[in-house]
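Next come the chains, spelled out residue by residue.
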Amino acid sequence: MTTIHFTRRRILSGAALGLVAGATGRLAAPAIAQARAPYTLPALPYSDTGLDPVISARTISFHYGIHHKAYLDNLNKLVENDPLGEMSLEQLIRSVAVNPNRVAHFNNAGQVFNHNFYWASLRPNGGGAPTGALLAQIEKDLGGLEKFKADFAATANGVFGSGWGWLVWNPRDKKLGLSRTSNADTPIVRGDVPLLTIDVWEHAYYLDYQNRRAAYTAAVIDKLINWDWAAQQFDKALKAG
Ligand code: MN
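The model shown is predicted, which means the values in this text are computed figures rather than measured ones.

A. The overall build of the protein, seen in detail. From N to C terminus, the protein includes 9 helices and 3 strands. Out of the 241 residues belonging to the protein, those deemed buried represent 50%. Summarising the internal contacts of the protein: among those between residues at least 6 apart in sequence, 71% fall at separations of at least 24. When the accessible surface of the protein is summed, it comes to about 11,100 Å², and 54% of that surface belongs to carbon and sulfur atoms.

B. Summary view of the nonpolar core. By size, the foremost hydrophobic cluster in this structure holds 64 residues, and its most contacted members are Ile55, Phe148, Leu176, Tyr216 and Trp227. Ranked by residues supplied to this core, first place goes to helix α4 (residues 103-121) with 8 residues. Excluding residues within four positions of it along the chain, Leu176 makes contact with Leu134, Gln137, Ile138, Asp141, Leu142, Leu167, Val168, Trp169, Leu195 and Phe234.

C. Structural view of helix α9 (residues 227-240). Here α9 contains 14 residues, and its C-alpha end-to-end distance of 20 Å stays within 8% of the 20 Å for a straight helix at 1.5 Å per residue. All buried positions along α9 are accounted for by Trp227, Trp229, Ala230, Gln233, Phe234 and Ala237. End-on view of α9: buried residues confined to an arc of 160°, all on one side of the axis. In α9, the exposed positions angled more than 90 degrees off the buried face are occupied by Lys236 and Lys239. Its buried side turned inward, α9 meets α4, α5 (132-142), α6 (145-157), β1 (163-170), β2 (175-182) and β3 (193-199).

D. Expanded view of the environment of Ala129. Along the chain, Ala129 falls in the loop between α4 and α5. Assessed through its relative accessible area of 45%, Ala129 is described here as partly exposed. In this structure, the C-alpha to C-alpha distance between Ala129 and Asn226, residues 97 residues apart in sequence, is 9.4 Å. Residues contacting Ala129, with those up to four places away along its chain left out, are Leu145 and Trp227.

E. Fine view of the packing of aromatic side chains. Following the criterion strictly, the structure yields 13 aromatic pairs and no others. Ring geometry for Phe117 and Trp229: centres 5.4 Å apart, planes at 70°, overall edge-to-face. Linking Phe117 in helix α4 with Trp229 in helix α9, this pair joins segments that are 112 residues apart in sequence. For the pair Phe117 and Trp229, a shared accessibility class is recorded, and that class is buried.

F. Focus on the side chain of Gln137. In this structure, Gln137 sits in helix α5. What Gln137 contacts, discounting residues up to four positions off in sequence, is Leu142, Trp169, Lys174, Leu176 and Phe234.

G. The arrangement of the coordination of the manganese ion in detail. Donor atoms from the polypeptide that bind the manganese ion are His63 (NE2), His115 (NE2), Asp199 (OD) and His203 (NE2), placed at 2.0 to 2.2 Å. Along the chain, the residues donating to the manganese ion are arranged with the sequence spacing H-x51-H-x83-D-x3-H. Residue His115 is found in helix α4, and its partner His203 is found in the loop between β3 and α7 (206-209); the two are separated by 88 residues along the sequence. Taken as a pair, His115 and His203 share a single burial class, namely buried.

H. Fine view of the pattern of salt bridges. Tallied over the entire structure, the rule returns 8 salt bridges. Of the charged contacts, one joins Lys147 and Asp151 as a salt bridge, the two residues approaching to 2.6 Å between their closest N and O atoms. Here the residue Lys147 and the residue Asp151 both occupy positions in helix α6, the gap between them amounting to 4 residues, near one helical turn. Residue Asp151 is classed as partly exposed on the basis of its relative accessible area, which comes to 27%. Asp185 is paired through a salt bridge with Arg190; the nearest N and O atoms lie 3.2 Å apart. Classification of Asp185 as partly exposed rests on a relative accessible area of 21%.

Rules of the game
Here the residue index of a chain counts from 1 through its sequence in written order. Reporting of local features is limited, given that this is a predicted model, to residues whose pLDDT is at least 70; pairs of side-chain atoms are given and counted only at 80 or more, and all residues count toward the totals for whole chains, interfaces and linings. Side-chain metrics in this entry use all non-hydrogen atoms of the structure; hydrogen atoms and water are not considered. Counting from the N terminus, the helices are DSSP H or I runs at least four residues long and the strands are E runs at least two residues long. Only protein chains enter the accessibility calculation, which uses a 1.4 Å probe. A residue is then buried if its area is under 20% of the maximum for its type, exposed if over 50%, and partly exposed in between. By the convention used here, residues are in contact when the closest approach between their heavy atoms is within 4.5 Å. Throughout, the Shrake-Rupley method with a 1.4 Å probe supplies accessible areas, and for residues the shown protein chains are the sole cover considered. By nonpolar core is meant a set of buried Ala, Val, Leu, Ile, Met, Phe, Trp, Tyr and Cys residues that side-chain atoms within 4.5 Å join together. Expected helix span is taken as 1.5 Å per residue step, with the number of steps being one fewer than the number of residues. It is the directions from the helix axis to the C-beta atoms that the arc portrays. When the centres of two rings from Phe, Tyr and Trp lie within 6.5 Å, Trp using its six-membered ring, the rings pair. Their planes under 30 degrees apart give stacked, over 60 give edge-to-face, and anything left gives tilted. Water is not among the atoms examined, so metal sites may look incomplete; donors are the N, O and S atoms within 2.8 Å of the metal, or within 3.2 Å for Na, K and Ca. Basic side-chain nitrogens of Lys or Arg form a salt bridge, by our definition, when they fall within 4 Å of a carboxyl oxygen of Asp or Glu.

This is the structure:
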């Protein structure tokens, strides 16, 4: 797995965040794999106004620049001079998930992974429909795209308190599924392969939507879902068996 370490940026600005675009003008997939500590904050693959008006630059400045970064800084402190820091982020999460003495490690590492995945799940001018194998699988397992969108929203909206809604691939049953996780929990500890996520912690939407979680999830699903990202994760999962 190729790992690209991005420069950490303390101050957010559109120019500093940059736009990662390939020669075709399509957004490049953000590299979120993290081989070992110190783990880094992946650059957002769009400017801080790129998700506006669904998610404002002000929300991104707090959510990415402060909340996400704080989980990362906490995690890096926890694994300083610790063999756990020699693991990839995903290995670390799996290894501390069942250890009651490593709750802080799990919470911070889970939140780093989940946020990395969230920013990659979104894109400017997203939404619309997937194509090819992923669309066919959604039709087979989830009753079609429109049903998926309604059920994905309901899954995320139904999280009690803070957490995450997910579209996952279950490699054991060879089926797509929807799931929700609470707090820092993440589907990778159960062997599911995430394809998309929506953060429904209040900090993800309160500045823009106040308590209207359902308005936020509907807008994200309609306008920001990065189907290219989901298709890439699906393709990797199929190749991995
Ligand atoms: Mn969040």
